[in-house]
Every structure is written in structure tokens, then in C-alpha cells.
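Structural features, examined
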Amino acid sequence: MQNFFKKLKILLSAELQFKLPKKCQILFFDEVKEKNLKKYFDKYTTETFFLRGEKFNIPCILLSLFFKGKFLDRYLKAFIKFSNPKIILTLLDNNSFFYSLSKKYPRVKTIFIQNGWRTKYLDVFHELENQSEKNKLYFVDYKFVFGEAYAKKFSKFIRGKNVNFGSFKNNSSEILLDKKLNIISYTSFFDPTWAFDFYAKDRIFKIQNKNLSLTEFSIKPDKFILLFLSKYAKSKNMNLFIIPRSRKKSTFFRHAENAYYKNIIGVKAKFLDLDSDYPSYNALDVSRINVTMDSTLGYECLARQNKTAFFSIRGTINNINDYSVFGWPMSFDETGFFWTNKPDYKIFKEIMDNLLHASKEVWHEQLKINKVDNLIIRNKVNKLTNLIDRVLSN
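A quick note: this is a predicted structure, and the numbers were derived from the prediction, not measured.

Quick look at the pattern of salt bridges now. Applying the stated rule across the entire model yields 14 salt bridges. The salt bridge involving Asp-93 is made with Arg-118; its shortest N-O contact spans 2.7 Å. Separated by 25 residues along the polypeptide, Asp-93 in the loop between strand 5 (87-90) and helix 5 (101-104) and Arg-118 in the loop between strand 6 (109-113) and helix 6 (124-129) bring together distant segments of the chain. As a salt-bridge pair, Asp-285 and Arg-304 come within 2.8 Å of each other at their nearest N and O atoms. With Asp-285 in helix 13 (residues 279-286) and Arg-304 in the loop between helix 14 (296-303) and strand 14 (308-311), this residue pair connects regions lying 19 residues apart in the sequence.

Structural data, given as C-alpha cells:
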């Protein structure tokens, strides 16, 4: 019954389209909302298949009634019939339905672009591990991934060509080379979709055989880290800021994120909000040290070669030793020069001191020694657009 009302709510709030989808070169499988990413596709004719029910195309729905199968299959088939794309592209690298499209539409090239850090549990690889028979059907023509480690991991389940590309958003943001500020920044992991759950306190995260509450999964490790950072920053006469996930203009979500951190540290959090097209990335660039637990932004910070401390304790603080460890799917020691999986303030201090005193040369050597480029790289965006041009010219 709850699922029925959820679907009804989506249907009632959706925009209805009565025009046929336009013919296009590229069909976006799900909307590309970031204006800073959409600009790279301006030279192509594009159409969007709204996967989340924001818009429904009535002619396609009517045509889908003549096809067999589940609604999503039938609806997409009708949409593709009208739009006739040469490429179907998505930023949903963790959508297993997308992996099956090449088999259904062999004349259309498929491309996914990895859009976030993936973990062993609560993510696509856990799903793929339990779909051995279906995996044989998965194929994506071009998989644009963060680095070689993910290329190898995806290749275990999905055939097709891997392109080590890095993060699309990170690649499109220029690195600020100005002098660093006297700031320690902490990348927020707060998910705006948790806003309702934070107030209700009813979200459950199932990892292995454990059901973790929102408090256990996020509030407890965040509090453990932030209590340390507050004291450390004060002892070094540095300023501690949080790089928020919510946007300034999103009043409800910003209020929820403020409430989340006030609940942890007891006072209103200081957010590092910069006025730019890429506020989060620019915040990384001006920080003397960035600290993260396991966020995508933290790994993107590494790719920008900014000093980054990883306190990857989300699993270990809850006695789940193989969840959210640093550098997965690669294998690293429990503790290194700039990371640890152990909730231990003594180790935290050693890591922060390492980063605070390391010269630029020493830091870059650490990145090289630990093969960070295998985890995530920075690349030119034209590596993607050049490939699209080649596909469209054939």
C-alpha cells in the first residue's frame, strides 16, 4: 500500500508532455541537472528520458501499451523509437537496468560516467555480487570510471571498454592555485535526502547482518571525528569549517544540515560557502588540510593533489571491519601517512601532523608511492567529448 501511494504521488506531481520526443544524437538516461556539466553537450542535439518520474511523455506511454514487458522497458522502447539516438548516456553508473540496454538496442552506443565513490556494501557492487546470472547480460560500450581500480572492478561484472576518466564534475572545475588559508575543512557526508529521516530518526542501513540506525551509521562517526578536529584546530590556532552538501538556496535542506551538525557539536556549524560555480571544489583548494570520512569529495580532493586526511571509521566504529575502508576497491594497510580505518585520536593526531608539516614535494611523493592515480585521476573533459564526436561521425 505504501508503495502504491508513493507511485501515485510521483504521478500526480509529474509534468505531462504531449509532444513527441525530438530526434537526437544523445539521449540522456536520467536528467543531467548540473549546468556546469550540461554545457559540454550544447553542441549536440539531446533529449532526456526522465527516469525518476519528473516528466511523463504521453505519446510514448500510449505507444508502450502495444509492447510487452514491464512498464519501464515498454516506455523506454517507445521513447527510443521516437528519439532515435545514436548514443544513450547516463551519470548513473550504479543503475543495473542501464547495463542491459546495449543488448536490447545493439545499434545504439551506451556510455556511463561514474558519478560517485562506490563501496563494498549499500551500493552497486553488492547488488552485482548477488546477480551472477544476470551479469552475463551486462554490457556498456564505454565505461568512464574514476581510475584503474574501478575499471578492474566494473569489468568483473560488465563487459565493454573502460576509460580512466576521473570525476566529471571534478575535471570540469579548475584548481585554484592561490595561497592556502589557515583552514581545516571537513567534507560533509550529510545526504539532503536524509532531511526527513534526521527528524524522524527512522532510517535503517543494512550492512552484512547488522541494521544500523542513522545515529550509528552517520552521527556517531561524524561526532567522533569532529570532536577531535575542534580540539586540534584550536591547538594549532586554525579555523575549522564544514564543506556542506546542501546549497545555500535550498532553505529546507540547509536548515536540516545545520540541525544535523548542531546536534553533533552543540553549536551552529561554520560552513565554508564560497560564491563560485564550483563552491565545494574551491573550498577544497583554499583549505590547508581537508578531512573526510569516505566522501566522493574527499577522493576528488586527492585527485586535485590537495592535502587530505581520511578517517575512514564508519565501518570499524560499528564493528564492521571491511566496510568503508580507505581506498576500496584497492587494498591498503589499516593506517598510512594520510589515512586510517581506526577510531583512534592518537593516530588522528599523527596524520594531521604529517599533513601539516609535509612539504609539497613530500606530499606529492606520498601520492605517487600509494598509487593514488589508480584510485582516481584528473583528466580533460574533452576525452569524453572527443569520443562522442568519433561515435557520432561513424
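A few words now on helix 12 (residues 251-265). The end-to-end C-alpha separation of helix 12 is 21 Å, in line with the 21 Å expected for 15 residues at 1.5 Å each. By the burial criterion, the buried members of helix 12 are Arg-254, Ala-256, Glu-257, Asn-258, Tyr-260, Tyr-261 and Ile-264. A positive phi of about 85 degrees marks Gly-266, the residue just after helix 12.

A few words now on the sheet that holds strand 6. Taken in spatial order, the 6 strands of this open sheet run 3-2-5-6-7-8, and their pairing is parallel. Of all the strands in the sheet, the pair left with one neighbour each is strand 3 (46-49) and strand 8 (159-164). Put simply, the sheet's adjacent strands are angled 25 degrees from each other on average, direction ignored. Sheet topology places strand 2 (residues 26-29) next to strand 5; 3 bridges connect them, and they run parallel. The residue of strand 5 that forms the bridge with Leu-27 is Ile-88.

Turning our eyes to something else, we now look at the sheet that holds strand 9 (residues 183-187). Taken together, 5 strands build an open sheet; the order of strands is 12-9-13-14-15 and the sheet is parallel. Because the sheet does not close on itself, it has two edges, and the strands there are strand 12 (239-243) and strand 15 (339-340). As paired strands, strand 9 and strand 13 (residues 289-292) are joined by 3 bridges and run parallel to one another. Paired with Ile-184 across the two strands is Ile-289, which belongs to strand 13. Docked against the sheet, helix 15 (residues 345-357) engages strand 9, strand 13, strand 14 and strand 15, running at close to 170 degrees with respect to strand 14.

Parameters at a glance
Residues numbered from 1 in each chain as written. Predicted model: local features only at pLDDT ≥ 70, side-chain atom pairs only at ≥ 80, totals over all residues. Heavy atoms only, no water. Salt bridge = Lys/Arg side-chain N within 4 Å of Asp/Glu carboxyl O. Helix = DSSP H or I, 4+ residues; strand = E, 2+ residues; numbered from the N terminus. Expected span 1.5 Å × (residues − 1). Buried < 20%, exposed > 50% of the residue type's maximum accessible area, 1.4 Å probe, protein only. Pairing = 2+ DSSP bridges. Axes fitted to C-alpha atoms, helices over the stretch in contact; angles between N-to-C directions. Contact = heavy atoms within 4.5 Å.

All quantities given are derived from atomic positions and should not be read as evidence of function.
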